[in-house]
Amino acid sequence: MPALADWMTLDADWVAAHLPRHVEDVEDRAADLERIARPAGIRRGIVADCPHCDGVLVAWIDDERQLRGRIVCTRDAGHSWEREQWRHLGRVLDPTPDLLDATHLADWLSRRFLTRVERVTVWQWARRGYLDRIDGDHVGRPLYDRHAAADWYLEHRARRAG
Ligand SMILES: [Zn+2]
């Protein structure tokens with residue numbers, strides 16, 4: 001369920017805007033999303049099955065008070081993740097390796113951002129110095145850190161939009 005876990009590395013605002021679409025990406029889990037407009041402006045989204053028990057992880061995002069989002073298990077309140085722990089949780093929920101070759105990185109970015117990123121685009125970014133190439137794999141293909149690539153993509157897109 002890569003797409004779902006990945007959004008946890010993003011800002012709460014961005015997550016709030018994209019939550020329903022990302023959850024639709026999850027095909028092999030029973031996770032669904034409820035987007036409840038509550039009086040307090042709190043939105044709740046089902047994230048995934050809890051990695052520690054048979055509960056379900058629910059994200060709480062407060063639109064009005066700009067509180068940082070929080071993810072809590074429905075069965076054990078001790079299973080909770082503050083905003084700065086979301087990246088770690090994302091890694092637990094998304095077994096995708098941190099380092100990917102251009103083809104897999106392009107696919108991963110495409111799923112994560114619900115867009116189409118081509119392999120050649122990854123190569124261009126690397127050639128222009130936006131992405132660091134990391135030691136090649138066993139057949140010598142360069143690898144890229146998907147977290148750094150995602151950060152770059154977000155920044156790049158924001159700059160283009162601005
Ligand atoms: Zn739990």
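Structural data are supplied above this passage.
Below is a short write-up of the structure. This structure is a prediction, so every number in the text was calculated from the model and none was measured.

## A short note on the environment of W152
Working step 1: For W152, the location among the structural elements is in helix α6 (residues 146-161).
Working step 2: Taking the C-alpha atoms as reference points, W152 and L131, 21 residues apart in sequence, are found 7.7 Å from one another.

## Some details on the pattern of salt bridges
Two side chains bearing opposite charge may form a pair once their charged atoms approach each other closely.
Working step 1: As enumerated under the stated definition, the model contains 6 salt bridges in all.
Working step 2: Across the pair R141 and D101 runs a salt bridge, and its minimum N-O distance is 3.4 Å. Within this pair, whereas R141 is found in the loop between α5 (119-127) and β6 (144-145), its partner D101 is found in the loop between β5 (99-100) and α4 (102-113), the two being separated by 40 residues in sequence.
Working step 3: On the accessibility criterion, R141 (40% relative accessible area) is partly exposed.
Working step 4: The class of D101 is buried, set by a relative accessible area of 7%.

## Observations concerning the nonpolar core
Working step 1: Among the nonpolar cores identified, the biggest contains 17 residues, and L105, L109, V117, V122, W125, L131 and Y144 are the most heavily contacted of them.
Working step 2: The set of elements that each furnish at least two residues to this core consists of α4, α5 and α6.
Working step 3: Broken down by element, the residue count for this core peaks at 6 residues, all from α4.
Working step 4: Once you skip the residues sitting within four places of it in the chain, V122 turns out to touch A102, L105, A106, V117, L131 and Y144.
Working step 5: Listed in part, the 11 residues of the second largest apolar core include I71, C73, W81 and W86.

So, how was this worked out
Residues numbered from 1 in each chain as written. Predicted model: local features only at pLDDT ≥ 70, side-chain atom pairs only at ≥ 80, totals over all residues. Heavy atoms only, no water. Helix = DSSP H or I, 4+ residues; strand = E, 2+ residues; numbered from the N terminus. Salt bridge = Lys/Arg side-chain N within 4 Å of Asp/Glu carboxyl O. Buried < 20%, exposed > 50% of the residue type's maximum accessible area, 1.4 Å probe, protein only. Core = buried A, V, L, I, M, F, W, Y, C linked by side-chain atoms within 4.5 Å. Contact = heavy atoms within 4.5 Å.

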